[in-house]
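So you can see what is in the structure, the chains are spelled out below.
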Amino acid sequence: SVSAAHRASGSCPWNGGTSGIHRRSLPSTRGSVPVPSESPALMSHFSTVKTELRQLDPLVQALNDLGYSPDQGERPVRGYRGQTVTADLAVSMDNGGDFGFRWNDQTAAYELVTDLDLWKQTIPIERFLSKLTQRYALNTVLKASVTEGFQVAEQQVKQDGSIELVVTRWDA
């Protein structure tokens, strides 16, 4: 068995380092996120927000982690006066203000689509996207860690909102 990262061999799932104990802090959700922009291809009340979210499974898991139940497949996202736009992943809200994600071939990432005038979440959209991106990153790292044979030894949310993740792998 291996007791320290510097004496281990193998690969780390996120930076090509060695196996053993690895610490990775995911950034705090405090910070800047992309500013929504009106999309000329959509009806006037819908906005799209570019993201760096490229994998569906970690995106779905991140939404679940935040308490949402996304519907997959082509789904309508409802907006002002019954207007809709189609998304690949949609979250229907009882009070209106649905939001969804659709794949953008040009950026090779999912983009958020919603009617910002109807955004009724408990937090502003920028904060929502920060939290979602953090959970997405965590789920992506966890998935890669398991694939590389690592196990989660410790996971802590720090006072500043960052998440510290410790994974281990014991080589024979």
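Here the structure is shown first, and the text comes after it.
Residues numbered from 1 in each chain as written. Predicted model: local features only at pLDDT ≥ 70, side-chain atom pairs only at ≥ 80, totals over all residues. Heavy atoms only, no water.

A. Summary view of the overall build of the protein chain. The number of helices and strands found in the protein chain is 2 helices and 9 strands. For the protein chain, buried positions account for 42% of its 172 residues. The long-range share in the protein chain, meaning contacts at least 24 apart out of those at least 6 apart in sequence, stands at 53%. For the protein chain, the accessible surface area stands at approximately 9,500 Å², while carbon and sulfur atoms represent 48% of it. (Helix = DSSP H or I, 4+ residues; strand = E, 2+ residues; numbered from the N terminus. Buried < 20%, exposed > 50% of the residue type's maximum accessible area, 1.4 Å probe, protein only. Contact = heavy atoms within 4.5 Å. Areas by Shrake-Rupley, 256 points an atom, 1.4 Å probe, with all protein chains shown as cover.)

B. Structural detail: helix α2 (residues 125–147). Taking 1.5 Å per residue as the helical rise, α2 with its 23 residues ought to reach 33 Å, and the 32 Å between its terminal C-alpha atoms agrees with that figure. If you check which residues of α2 are buried, you get Ile125, Phe128, Leu129, Ser130, Leu132, Gln134, Tyr136, Leu138, Asn139, Val141 and Ser145. (Expected span 1.5 Å × (residues − 1).)

C. Local environment of the pattern of salt bridges. Using the criterion set out here, one finds 6 salt bridges in the structure. In this structure, Arg135 and Asp65 form a salt bridge, with 3.1 Å as the shortest nitrogen-oxygen distance. With a gap of 70 residues between them, Arg135 in helix α2 and Asp65 in helix α1 (residues 56–65) connect regions that are remote in the sequence. Residue Asp65 is classed as partly exposed on the basis of its relative accessible area of 30%. Among the ionic pairs, Glu111 bridges to Arg102, the shortest N-O distance being 2.8 Å. Assessed through its relative accessible area of 16%, Arg102 is described here as buried. (Salt bridge = Lys/Arg side-chain N within 4 Å of Asp/Glu carboxyl O.)

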